[in-house]
Amino acid sequence: MKYLTLNEEILLLTIWRLGSEAYGVAIRDKYVETTGNSIVLGTMYNSLDYLVKKKYVMTNKGEPTPERGGKRKTYFQVTKPGLTALKRTRNLHSAIWDGVPETIFPE
Amino acid sequence: MYQDKIKKPPSFFEILLKRTSAREKDFTISGDFEELYHRMYVEKGFISANIWYIFQVLRTIQIYSMNSIIWSIMMFKNYLKVTFRNITRDKGYTMINISGLAIGMACCVMIFLWVRDELSFDNFHEKADRLYNCVMRVEGNWWGSTPLALKTVLEKDFPEIEKVVRLAGRNRDFRRGDYSHTELGGFVGTEFFEMFTFPFIAGDPEKVFENKLSIVITEEFADRFFKDEDPLGKVVIMSNNQDLTVTGVLKNLPSNSSLQFDFLSSIENYTNIQRLNNSWSVELNTYLLIRENVDIQSLREKVEGVVEKYDTRMDHEVILALQAVSGMYLYNIAGGGPITNVYIFSTIAILILLIACINFMNLATARSGKRAKEVGMRKVMGAVKSNLFQQFYSESLLSTFAALVLALILVYLFLPFFNSLAQKQLTFSMIGSTSALIGLVSIVILTGLVSGSYPSLLLSSFQPVTVLKSSFRSRNSGLNLRRILVVCQFSATLILIIGTLIIFSQLEYIRNKDLGLNKDNVVTVNMTRQMRSNYRTFIEELRNHPGIINVTAASSIPTQVGHINPVYWEGKTRDDYVVISHVILEYDYFETFEMEMAYGRSFSKEFPSDRENYIINEAALKLTGFEEPLGKRYSIWEDENEIIGVVKDFHNTSLHSAITPTVFTLRQKQFPVSIIMAKLKAEDIQGAIRFIEDTFKTFSPGSPFSYTFVEDTFDRAYRTDRRVGTIFRYFAGLAIFISCMGLFGMASFMAQERTKEIGIRKVVGASVSNIILLISREFFILLGAANLIAWPAAYVIMSQLLNNYAYRTDIAIWIFALSGISVLLVAFITVSFQTIKAAITNPVRSLRYE
């Protein structure tokens, strides 16, 4: 069974969390905020493209703004297959984390 | 929140970004970038924002490039798959194609190695670009020999010249203990080793001739005389009277040196210093090393008149010229030389490669019809013309590469054979040298580009609509170009064949031409110093042997006249002289060689005055204009006497040059006789030779005995010609082979394509021969056109070649006719072989497809 990679998982959830404001810059900001790592915009878009190709995400176009030099935004949205994939991955996490006590972790 | 003035990110990188993210996202990414940039700018300032932006752009570009590379690799995998499928589906055609290319490339490579070797002659000397050989033009004839005193004069008058050295190339006999052998070599000044690069393996180059009774030898010489001993310091005896100490041993000379020798001794052993510095007798070679950055043209102008100025003996017109050592081998002073062969073979190489490439193009283009549907589909699926171009070009490059591998194998296998043909020692590893690799790579690239060009262009231009219709007539794709290509191919082949035949007939002409003398079974023996006083007795002794018909002696053998002298005659003054060839001989010279007299008689013992009189040849007679030559006055230098005979012209040099006017004397004034010649009976030649050897040993004990046959020396002059002829023959054969392979492939392909047509014709009542004629007719027309082109072209080229000969055969019509007909025949057989197969197929089978 195909699972999501960690990055894909993070991106999908981020998109979901942002709801209707899920576009490039916002996704990136949230990603940086959550993981603490910066990410190159191009890399992120690459991964997003891949997600679109796998049909986990779909895109819409938005309005242009002056800060963007008059260019439009592309909004991302998680699709049903995407949500299914997320669920699958979450079940996997539960499965593998099941019953693991806090005490095993070192100080 | 945002400033009134909106800041724009650095434009260069913005453009870069837009260019690489070729995604139809309405510039979304760049919009995101700008937004972030703006934020950065506000928060962190101008510099940070810019740095961030540039970094982000670069990384993004990197990601996108990797993407497209991965895509290209994926496409390439597909192309490879398709190519392999094509190859395995048409194994026969692919084999034909690749082998044809391989043969063409192999020939190219071998000829390339040969040319490289030829061009490298004498270029291994460190100072090769500054070394020159002195040559003289006397009265219109060129001579490689120069006067003894030339060196002194050149050193004195020309500061542009750094060093001058004299080289007297002579053979000498050497003895050590019981072993004696004649060795090739010469006498040089010490500067020789500073000018020419011949590495020493033992001995000090600067000290070798400190003591003049020294000798420098090569490894080969050392092997012969000293076997495993160290030769340094040991003694060999030269000419049976001089003890020379070995002061140096040289590495064996490379084969691409026109200076070949096994020993070198001090020039003072050749003659004394007085003579060396003052005599203007023309006897040896003079080489110069000019200073760096000297203008050779102006030096050439300055030295022109040197010999005329200082040689006061006569008023010759003598022009001194400087020949570059690096070109010495390739370019004969009088024009022509081995360089002609270089041009010829380079042309052959190109012709053969062309034929092979044309083959490839033809076959590939012909089969392109089959791929038409594939191209159509690809275009429908979104392929652009450049994609298709890429695909088909990589196919042909792949074939070229496979051909290269095969070609290298062929070269490896056939190089020894080629070496024996061309008398060279080329090795396979020579391909590894830089210049060779460059040459090889360029051959491959050129072949790939040329042979792949047309098929690729044609295939990628197919329009989907046209090709996907079932009515597409694939066999007409590129028909006209293919016709042109076949014509070119066969023209080239015909040129090669005609060339071969012409060379062959010229060689036959040489072999059969009446030379004006009979040189069969004549043995020559060089006189030794010991024999100089009593050689006449030697001759008489030889005459006694029943197996020896006649014996004589001369200063040169009849086919190699080299000495010259000025002459004048009745009606001319001494200042009005002409320089002609001069042979000094003993009685019975003309009789030994069965030369006929046109006027008068030969020298005879009955007339003591003959010792001072002259015989001239017809060419010399023509110069005088006498109608009654007998009794007329004739002079060499100051010796005036009369003409007692005129000998019919005989060829005194190879047929490359005209017969020179020659005068013959018994008087040994200017130079001596040195060669004894004996005509032997055809039976028991070995017995006669043994007798000569025994007699020789009694007259010249301790000297090695060696003999040659006049006819061998004569034939040797044509060795190169024969070799060229043989090589031509092989290459012509190869060319025919390749062309026919191509024809074979094409014919079988066409036959296949026209199966239905043939089937219908048979049903309607055509016979097998009708069909064969029908299909072959097209090829015949093309061949006819090829003949039309090839005949004049071959005529022009071969006339150039034949200009090397003063005496040549006529270019006969039968040669052209024969080539044309034989090519026609071979082509016909090839084509009909395939068409017969198609023609005897049961029409039912071929028409079944509908």
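Not measured: the values here are computed from a predicted model.

Engineer: Got a sec to walk through the overall build of chain B? Specific residues and values, please.
Structural biologist: Across its full length, chain B holds 25 helices and 23 strands. For chain B, the C-alpha radius of gyration of 38 Å lies well beyond 29 Å, the compact-globule estimate for 850 residues. For the C-alpha atoms alone, the extent of chain B along its principal axes is close to 120 × 90 × 60 Å. Looking at the 850 residues of chain B, the share that counts as buried comes to 51%. Nonlocal contacts in chain B, meaning residues at least 24 apart in sequence, comprise 79% of its contacts between residues at least 6 apart. Accessible area of chain B: about 40,300 Å², with a carbon and sulfur share of 58%.

Engineer: With reference to specific residues and values, describe the packing of aromatic side chains.
Structural biologist: Residue and element names in this part refer to chain B. Under the definition given, this model contains 39 aromatic pairs over all chains. Taking the centre distance of 5.1 Å and the plane angle of 85° together, the rings of Tyr 412 and Phe 428 count as edge-to-face. Note that Tyr 412 is positioned in helix H12 (residues 385-422) and Phe 428 in the loop between H12 and helix H13 (434-460), a separation of 16 residues in sequence. With a relative accessible area of 30%, Phe 428 lands in the partly exposed category. Members of the aromatic cluster, joined through ring pairs, are Phe 124, Phe 192, Phe 193, Phe 196, Phe 198, Phe 200, Phe 209, Phe 261 and Tyr 287. The ring centre of Phe 607 lies 3.8 Å from the NZ or CZ of Arg 601, which sits over that ring.

Engineer: So what's going on with the pairing of strand S20 (residues 639-647) of chain B? Residues and values would help.
Structural biologist: The side chains of a regular strand alternate, residue by residue, between the two faces of the sheet. All names here are of chain B. Most of S20 is tucked away: 7 of the 9 residues are buried. Bridging between strand S17 (residues 597-600) and S20 involves 3 bridges; their strand directions are antiparallel. Note on S20: the bridge partner recorded for Gly 600 is Gly 645. Inspection of the sheet shows strand S19 (residues 633-636) paired to S20 by 4 bridges, in the antiparallel sense.

Engineer: Break down the sheet that holds strand S14 (residues 548-554) of chain B for me, with residues and values.
Structural biologist: Residues and elements named next belong to chain B. Reading across the sheet, the 4 strands line up as S14-S22-S13-S23 and stay open at both edges, with antiparallel pairing between neighbours. What marks the edges here is a single partner per strand, and that holds for S14 and strand S23 (707-709). Within the sheet, the average angular offset between the axes of one strand and its neighbour, ignoring direction, is 25°. For strand S13 (residues 522-526) and strand S22 (residues 675-680), the ladder comprises 5 bridges, and the chain directions are antiparallel. Along S22, the bridge assignment pairs Val 525 with Ile 676. Strand contacts of helix H16 (residues 535-543): S14 and S22, with the helix running at about 165° to S14, the strand carrying the most contacts. Packing of helix H19 (residues 685-699) onto the sheet brings it into contact with S13, S14, S22 and S23, and relative to S22 it is tilted by some 150°.

Engineer: Summarise the pattern of salt bridges; cite the residues concerned and give the values.
Structural biologist: All names here are of chain B. If you walk through the whole model with that rule in mind, you get 27 salt bridges over all chains. Residue Glu 183 pairs with Arg 224 through a salt bridge whose shortest N-O separation is 2.9 Å. With Glu 183 in strand S5 (residues 179-188) and Arg 224 in helix H7 (residues 219-226), the pair connects residues that are 41 residues apart, well separated along the chain. Classification of Glu 183 as buried rests on a relative accessible area of 2%. Since its relative accessible area comes to 23%, Arg 224 is described here as partly exposed. Note that Asp 610 is salt-bridged to Arg 601, the shortest N-O span being 2.7 Å. Residue Arg 601 is classed as partly exposed on the basis of its relative accessible area of 26%. Overlapping salt bridges, with partners in common, bring together Glu 183, Glu 220, Arg 224 and Asp 262 in one network.

Engineer: Before we move on, can you summarise the nonpolar core with the specific residues and values?
Structural biologist: Core analysis: the largest hydrophobic core is formed by 90 residues, its most contacted members being Met105(B), Trp114(B), Ile348(B), Leu496(B) and Phe731(B). In this structure Leu496(B) touches Ile348(B), Leu351(B), Ile352(B), Phe728(B), Phe731(B), Ala732(B) and Ala735(B), once residues within four positions along its chain are discounted.

Engineer: Tell me about the confidence of the model for chain B, and please be specific about residues and values.
Structural biologist: The predicted model of chain B has a mean per-residue pLDDT of 81, with 94% of residues at 70 or higher. In the model output, the complex is listed with pTM 0.71 alongside ipTM 0.72.

Engineer: How would you sum up the pairing of strand S4 (residues 161-176) of chain B? Please name residues and give values.
Structural biologist: Residue and element names in this part refer to chain B. Pairing of S4 with strand S11 (residues 282-290) involves 6 bridges; the strand directions are antiparallel. The residue of S11 that forms the bridge with Lys 163 is Leu 289. Where S4 meets S5, 10 bridges bridge the pair, whose relative direction is antiparallel. Of the residues in S5, the one forming a bridge with Arg 172 is Glu 183. Turn length for the S4-S5 hairpin, with the two strands adjacent in sequence and antiparallel, is 2 residues, and the turn residue Gly 177 shows positive phi of about 65°. Note that S4 and strand S8 (residues 235-238) share 2 bridges and pair antiparallel. If you follow Arg 175 over to S8, its bridge partner there is Ile 237.

Engineer: Residues and numbers for unusual backbone geometry, please.
Structural biologist: Residues and elements named next belong to chain B. Although it is not a glycine, Asn 293 sits at a positive phi angle of roughly 60°. Residues other than glycine seldom take positive phi values, yet Asp 684 does so here, at roughly 55°. Take Asp 684: it is sitting in the loop between S22 and H19. Given the relative accessible area of 52%, Asp 684 is considered exposed.

Engineer: I'd like a description of helix H2 (residues 28-44) of chain B, backed by residues and values.
Structural biologist: Residues and elements named next belong to chain B. Helix length check: H2, at 17 residues, gives a terminal C-alpha distance of 24 Å against a target of 24 Å (1.5 Å per residue), a fit within 8%. Taken across its 17 residues, H2 has 13 buried, putting it largely inside the fold. Looking one or two residues past H2, Gly 45 carries a phi angle of roughly 100°, positive in sign.

Engineer: Please give an account of the packing of H2(B) against helix H3 (residues 46-89) of chain B that cites residues and values.
Structural biologist: Residues and elements named next belong to chain B. Direction vectors running N to C along H2 and H3 enclose 155°, while the axes themselves pass 7 Å from each other. The angle between H2 and H3 falls in the class roughly antiparallel. As H2 runs across H3, the sense of the crossing is right-handed. Of the residues in H3, those touching H2 at Ile 29, Phe 33, Leu 36, Tyr 37, Met 40, Tyr 41 and Lys 44 are Phe 46, Ser 48, Ala 49, Asn 50, Trp 52, Tyr 53, Gln 56, Val 57, Thr 60 and Tyr 64. Residues of the contact of H2 with H3, tallied by class, amount to 12 nonpolar, 4 polar and 1 charged.

Engineer: Tell me about the side chain of Thr146(B), and name the residues and values.
Structural biologist: Residue and element names in this part refer to chain B. Within the secondary structure layout, Thr 146 lies in strand S3 (residues 146-147). At 2.6 Å, the side chain of Thr 146 and the side chain of Thr 286 are in polar contact. Beyond its immediate stretch of four places on either side in the chain, Thr 146 contacts Cys 134, Met 136, Ser 281, Val 282, Glu 283, Leu 284, Asn 285 and Thr 286.

Engineer: Would you mind going over helix H9 (residues 296-303) of chain B in detail, with residue names and values included?
Structural biologist: Residues and elements named next belong to chain B. The complete set of buried residues in H9 reads Ile 296, Leu 299 and Val 303. Taken around the axis of H9, the buried residues stretch over an arc of 60°, which confines them to a single face. Those residues of H9 that are buried lie in contact with strand S1 (131-138), helix H5 (150-157), S4, S11, helix H10 (306-310) and strand S12 (318-324). The N-cap residue of H9 is Asp 295: its side-chain oxygen and the backbone nitrogen of Gln 297 are 3.2 Å apart.

Engineer: Lay out the packing of helix H3 (residues 41-53) of chain A against H2(B) in plain terms, naming residues and giving numbers.
Structural biologist: At their nearest, the axes of H3(A) and H2(B) sit 11 Å apart, and the two run at 140° to each other. Where H3(A) crosses over H2(B), the handedness of that crossing is right-handed. Seen from H3(A), the contacting residues are Leu41(A), Gly42(A) and Tyr45(A); seen from H2(B), they are Thr28(B), Ile29(B), Asp32(B), Phe33(B) and Leu36(B). For the contact of H3(A) with H2(B), the per-class residue count stands at 5 nonpolar, 2 polar and 1 charged.

Calculation notes
Residues numbered from 1 in each chain as written. Chains lettered and ligands numbered in written order. Predicted model: local features only at pLDDT ≥ 70, side-chain atom pairs only at ≥ 80, totals over all residues. Heavy atoms only, no water. Helix = DSSP H or I, 4+ residues; strand = E, 2+ residues; numbered from the N terminus. Rg over C-alpha atoms; globule rule 2.2 N^0.38 Å. Buried < 20%, exposed > 50% of the residue type's maximum accessible area, 1.4 Å probe, protein only. Contact = heavy atoms within 4.5 Å. Areas by Shrake-Rupley, 256 points an atom, 1.4 Å probe, with all protein chains shown as cover. Phe/Tyr/Trp six-rings, centres within 6.5 Å; stacked < 30°, edge-to-face > 60°. Lys NZ or Arg CZ within 6 Å of the ring centre and 35° of its normal. Pairing = 2+ DSSP bridges. Axes fitted to C-alpha atoms, helices over the stretch in contact; angles between N-to-C directions. Salt bridge = Lys/Arg side-chain N within 4 Å of Asp/Glu carboxyl O. Core = buried A, V, L, I, M, F, W, Y, C linked by side-chain atoms within 4.5 Å. pLDDT = per-residue confidence, 0-100. Expected span 1.5 Å × (residues − 1). Parallel < 35°, antiparallel > 145°, perpendicular 65-115°, else oblique. Left-handed = near helix turned anticlockwise from the far one by under 90°. Nonpolar A, V, L, I, M, F, W, Y, C, P; charged D, E, K, R; others polar. Polar contact = N/O pair within 3.5 Å; in protein donor to acceptor, adjacent residues only side chain to side chain. Arc of directions from axis to C-beta.

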